[in-house]
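Fold and contact review
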Amino acid sequence: MSTGKIVFEEIRQIDKISALLLDQKELHVWKLNLTNFPDNASGYLDTKELQRYQRIIPEQQKNRFLASRYWLRQILSDYLNCPLHELQFTSGEKGKPALITPGIKLEFNLTHTGDYAALAIAIDTQVGIDIESIRGKINTVKIARQLFSVNEIEQLEALPTQQQSNYFFECWTRMEARQKCMGLGIFNEKVADEQVVTKSWELDENLLLSVAWSDREWQPLVRFLEPGV
């Protein structure tokens, strides 16, 4: 399923709109290091985000949440050429986060695992994204039987034990990306693979990424980006 490893373009002037141009032929995927964020990041959270941030007890989780929300706002504001505090969010009919923007319909989806997050951005087409760290100490077959398709379960069970984790997490990220694309959770009715377009990549030996989009006729140029330090 995976289309191979990728190289991220480093965008150093993250606060310059000239670096963040997007047209309808492109899908942008951002890789975010959640250990990097400015000291004043909490000042950019809205009231609900700040309340949620203050309720988180473990310091590491607290910082990851803060960093992901800061980078989401920073990057989206640069695409829209507006101050961070002017961004307004809403939820779709099924609870999927969305931007309130006049004119341009900028679609986005955010995911995170450990110290990393990924953000997919497109124009006028729904997107979903999932990033996962490959972990060996889980019962992959048991979970797969609850959530995966019959074909995926059969392929997983046919693999040698040492190869099952990689295949499991590739299937998992693809499933999550499809569900998130349509604004659904993993326990909702499953979005079939043929309903959307789903692509997968390896970020490194332990990170897998999948992105799904709703327009099956769309064949975007996928650009992989990350903020410069």
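Preceding this section is the structure that the text describes.
Okay, so let's go over this structure. The shown structure was predicted, so the numbers you read here are calculated from the model rather than taken from an experiment. (Residues numbered from 1 in each chain as written. Predicted model: local features only at pLDDT ≥ 70, side-chain atom pairs only at ≥ 80, totals over all residues. Heavy atoms only, no water.)

**A few points about the overall build of the protein chain**
Secondary structure summary: the protein chain contains five helices and 10 strands in total. The buried share among the 229 residues of the protein chain stands at 48%. If you take every contact in the protein chain between residues at least 6 apart in sequence, the share linking residues at least 24 apart comes to 62%. Here the protein chain displays about 12,300 Å² of accessible surface, and carbon together with sulfur accounts for 47% of that area. (Helix = DSSP H or I, 4+ residues; strand = E, 2+ residues; numbered from the N terminus. Buried < 20%, exposed > 50% of the residue type's maximum accessible area, 1.4 Å probe, protein only. Contact = heavy atoms within 4.5 Å. Areas by Shrake-Rupley, 256 points an atom, 1.4 Å probe, with all protein chains shown as cover.)

**Points about the layout of surface pockets**
When its volume is computed, the largest pocket comes out at roughly 880 Å³. Of all the secondary-structure elements, those providing two or more residues to the lining of the largest pocket are helix 1 (47-55), helix 2 (59-80), strand 3 (89-91) and strand 5 (106-113). A breakdown of the residues in the lining of the largest pocket according to their chemical character gives nine nonpolar, 11 polar and eight charged. There is about 220 Å³ of room inside the second largest pocket. Taken together, 15 residues form the lining of the second largest pocket, with Gly92, Lys96, Ala98, Glu107 and Gln126 sitting closest to its centre. (1 Å grid on protein atoms, 1.4 Å probe; cavity = no way out; pocket = protein on both sides within 12 Å on 5 of 7 lines; lining within 4 Å. Points joined across faces, edges and corners; volume = space filled by probe spheres on them. Nonpolar A, V, L, I, M, F, W, Y, C, P; charged D, E, K, R; others polar.)

**Overview of unusual backbone geometry**
With phi around 55°, Asn81 is a residue other than glycine that occupies positive phi space. Note that Asn81 resides in the loop between helix 2 and strand 3. If you check the backbone angles, Asp124 has positive phi at about 65° while not being a glycine. Topologically, Asp124 is positioned in the loop between strand 6 (116-123) and strand 7 (127-133).

**What about the pattern of salt bridges?**
Under the defined criterion, the tally for this structure stands at 10 salt bridges. Across the pair Arg73 and Asp46 runs a salt bridge whose closest N-O atoms are separated by 3.2 Å. In this pair, Arg73 is assigned in helix 2 and Asp46 in the loop between strand 2 (26-33) and helix 1, connecting sequence segments 27 residues apart. Residue classification places Arg73 among the buried residues on the basis of a relative accessible area of 2%. Through salt bridges with shared partners, a single network forms among Asp46, Glu49, Arg69 and Arg73. (Salt bridge = Lys/Arg side-chain N within 4 Å of Asp/Glu carboxyl O.)

**Observations regarding the sheet that holds strand 7**
Reading across from one edge, 7-9-8 is the order of the three strands in this open sheet, with antiparallel pairing throughout. The sheet is open, and its two borders are formed by strand 7 and strand 8 (197-204), each paired with just one other strand. When the angles between neighbouring strand axes are averaged without regard to direction, this sheet yields 15°. As judged from the seven bridges shared by strand 8 and strand 9 (residues 207-213), these two strands associate in the antiparallel manner. The residue bridging Val197 from the neighbouring strand is Trp213, located in strand 9. (Pairing = 2+ DSSP bridges. Axes fitted to C-alpha atoms, helices over the stretch in contact; angles between N-to-C directions.)

**Some words on the packing of helix 4 (residues 150-158) against helix 5 (residues 161-181)**
When two helices pack together, their arrangement is captured by the angle between the axes and the distance separating the axes. Two elements in contact, helix 4 and helix 5, have axes whose closest approach is 9 Å; the angle formed by their N-to-C orientations is 160°. Relative to helix 5, the element helix 4 lies roughly antiparallel. Handedness of the crossing formed by helix 4 with helix 5: left-handed. Here Glu152, Gln155, Leu156 and Glu157 of helix 4 lie close against helix 5, whose contacting residues are Gln164, Tyr167, Phe168, Cys171 and Arg178. In terms of residue class, the contact of helix 4 with helix 5 is built from four nonpolar, two polar and three charged. (Parallel < 35°, antiparallel > 145°, perpendicular 65-115°, else oblique. Left-handed = near helix turned anticlockwise from the far one by under 90°.)

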